[in-house]
Structures are given as structure tokens and as C-alpha cells.
Amino acid sequence: MVYSNKRRFVAGAVCPRCSEMDKLVVYSEDGKDYRECVACGYKDEMHFKPAARELETRVNQTEEDKRDAVQVINILPFGKTDH
């Protein structure tokens, strides 16, 4: 359930039947979510897909993940060898 029992208008929403703008309300009833047009009476149960797993990016990684991905390369000064 996403919506409350209280009917709320959705700004900018267009009715799929009558194409009127700003006439759709959303609400929850008996554990189901609905949208309804107050102009023409269109009513539809809304089904939401389960949330997809967020793709991993550099922005949503933890600091530990970032540290694991760091590669350290030691460069010796020119002419010196480590024997």
C-alpha cells in the first residue's frame, strides 16, 4: 500500500479516458491502491512493480568498497634499484 485512505488530487495528471487534466485522485481502499477521475468516473486499481535493486555507482558505494578498489603502485626514483 502506497497511498493513504484520504483521497488526494495528483497535480498535472491526465485521465486516460476523458483526457481531463487535474481531475485524478489517488487513494487506498481495502489494502489496494486506486486512481479515479472525478470528471468522468473512471476508476483503476494501480499495481506497482517491486523496487529494483539500485545499480552500483561510485556515488552509492561505501567507504570500505572504495578503499578495496584502490590500487597502490610504488614508483622508484630513476636510477635506483631495490636490490
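Everything quoted here is computed from the prediction, not taken from an experiment. Sequence positions are assigned chain by chain, starting from 1 and proceeding in written order. Totals for whole chains, interfaces and linings use every residue, but because this is a predicted model, local features are given only for residues with pLDDT of at least 70 and side-chain atom pairs only at 80 or more, for both listing and counting. As a rule here, side-chain values come from all non-hydrogen atoms in the structure, and water together with hydrogens is ignored.

1. Some remarks on the pairing of strand 3 (residues 32–37)
Spelled out, the test is: We call two strands paired when DSSP finds no fewer than two bridges between them. Each helix corresponds to a stretch of at least 4 residues labelled H or I by DSSP, and each strand to a stretch of at least 2 residues labelled E; elements are numbered beginning at the N terminus.
Here strand 2 (residues 24–29) pairs with strand 3 via 6 bridges, running antiparallel. Pairing of valine 26 across the sheet is with arginine 35, part of strand 3. Adjacent in sequence and paired antiparallel, strand 2 and strand 3 are bridged by 2 residues, among which aspartate 30 carries a positive phi angle near 55°. Examined bridge by bridge, strand 3 and strand 4 (residues 43–46) share 4 bridges and lie antiparallel to one another.

2. Quick notes on the pattern of salt bridges
Our working definition: Any carboxyl oxygen of Asp or Glu that lies within 4 Å of a side-chain nitrogen of Lys or Arg is treated as forming a salt bridge with it. When accessible area is computed with a 1.4 Å probe and restricted to protein chains, residues below 20% of their type maximum are described as buried, those above 50% as exposed, and intermediate ones as partly exposed.
The tally for this structure, following the rule as stated, stands at 2 salt bridges. Its salt-bridge partner being glutamate 36, residue arginine 7 comes within 2.9 Å of it at the nearest N-O pair. In this pair, arginine 7 sits in the segment before strand 1 (8–9) while glutamate 36 sits in strand 3, placing the two residues 29 residues apart along the sequence. Looking at arginine 7, the relative accessible area reads 46%, which means it is partly exposed. A residue is classified by how much of its surface remains accessible, and glutamate 36, at 19% relative accessible area, is buried. Across the pair aspartate 44 and arginine 35 runs a salt bridge whose closest N-O atoms are separated by 2.9 Å. Arginine 35 sits in the partly exposed class, given a relative accessible area of 24%.

3. Remarks on the sheet that holds strand 2
Taken together, 4 strands build an open sheet; the order of strands is 1-2-3-4 and the sheet is antiparallel. The strands lining the two open edges of the sheet, one partner per strand, are strand 1 and strand 4.

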